[in-house]
Amino acid sequence: MSREAPARFCERRRVRFPPPTHRLLGFAGPKREAEEIKARITEFLLDELRLELSESKTLVTHANSQAARFLGYEVKAQRCDTKLTGPRRSVNGAIGLFVPREVIRQRCASYMGGGKPKLRGVLLHDSDFSIVATYQAEYRGLVQYYLLAQDVARLNRLQWVMETSMLKTLASKHRSTVTKMARKYKATIDTPDGPRKCFEVIVERGGEKKALVARFGGIPLKRKRTAVMADREPLKPNHISTTELVKRLLADCCEICRSTSRIEVHHIRKLADLKQQGRAESPAVAARLKVSSP
């Protein structure tokens, strides 16, 4: 952003402004000028658009000594005197995105107890397929959100904690040991970045249908410059549905019309979502969709 960049806004009537959004502005210059620019922007938004800036979120941060928090990332200037491209230091002064260490600690804490990974009792009554799929959904959501970070490989700590927690949950369910569960479900898959180890549960469906596969791991922790980040909060543990996934997929039957041809299984967040135009509305539909607790 240049210092004299003009701001243009539509002055027509009935203009609809988007909901509150986040913007990060870069400025090279003294802090005094940065504070003046912030004051001018605040004044313009208040006088012309009747909008107010959040004082707690509108901060001036020195990129060399501090990290700015933006959409869950840490944004700061990099410095490394040993990284050379030809005769010059190519990293110094370049802006980079990083995974906050606080995020990793908080996510690991959700799967730990007493300083070590723990099992999750809420999943003990689910099938092995559902347990692995749940852990993978939570892990994959966080990894994909931070693929733009320079140090996305730091998430290997979270991977180990979640992996151990998952194996402990499976071991408790089958009254076995973590080593036996790891030996039973370990697998190696091919990825664009080479083979990766993971844990895999396969459920055969018979006939010509493909088997159901749930995996944990197998995601390369490598930065992707072209990754598209959806501004959504990653899935958190213990915020899962109690619907038995395998039973729904293996039923191969529509729970509304009971048809068995060309079936696709989709989850809904709540029964009220069925009350949409084009859907059958009857007490029988809701009754069939109820899942008995284990």
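Residues numbered from 1 in each chain as written. Predicted model: local features only at pLDDT ≥ 70, side-chain atom pairs only at ≥ 80, totals over all residues. Heavy atoms only, no water.

A few points about a positive patch on the surface
- On the surface, Lys180, Arg183, Lys186 and Lys197 cluster together into a patch of positive charge.
- Judged by relative accessible area, Lys186 falls into the exposed class, the value being 59%. (Patch = residues over 30% accessible without salt bridge, like charges linked within 9 Å, V, L, I, M, F, W, Y side chains within 5 Å. Areas by Shrake-Rupley, 256 points an atom, 1.4 Å probe, with all protein chains shown as cover. Salt bridge = Lys/Arg side-chain N within 4 Å of Asp/Glu carboxyl O. Lys, Arg positive; Asp, Glu negative; His and termini not counted. Charge placed at Lys NZ, Arg CZ, Asp CG, Glu CD. Buried < 20%, exposed > 50% of the residue type's maximum accessible area, 1.4 Å probe, protein only.)

Re the environment of Thr191
- Structurally, the position occupied by Thr191 is in strand 8 (residues 186–191).
- Spatially, the C-alpha atom of Thr191 lies 8.0 Å from that of Pro220, the residues being 29 residues apart in sequence.
- Residues contacting Thr191, with those up to four places away along its chain left out, are Arg196, Gly218 and Pro220.
- A polar side-chain atom of Thr191 sits 2.4 Å from the main-chain carbonyl oxygen of Gly194. (Helix = DSSP H or I, 4+ residues; strand = E, 2+ residues; numbered from the N terminus. Contact = heavy atoms within 4.5 Å. Polar contact = N/O pair within 3.5 Å; in protein donor to acceptor, adjacent residues only side chain to side chain.)

A short note on the pattern of salt bridges
- What the rule picks out here adds up to 6 salt bridges.
- Here Glu200 and Arg215 are joined by a salt bridge, their closest N and O atoms 2.6 Å apart. With a gap of 15 residues between them, Glu200 in strand 9 (residues 194–203) and Arg215 in strand 10 (residues 212–217) connect regions that are remote in the sequence.
- Residue class for Glu200 comes out buried when judged on its relative accessible area of 17%.
- Residue classification places Arg215 among the partly exposed positions, given a relative accessible area of 35%.

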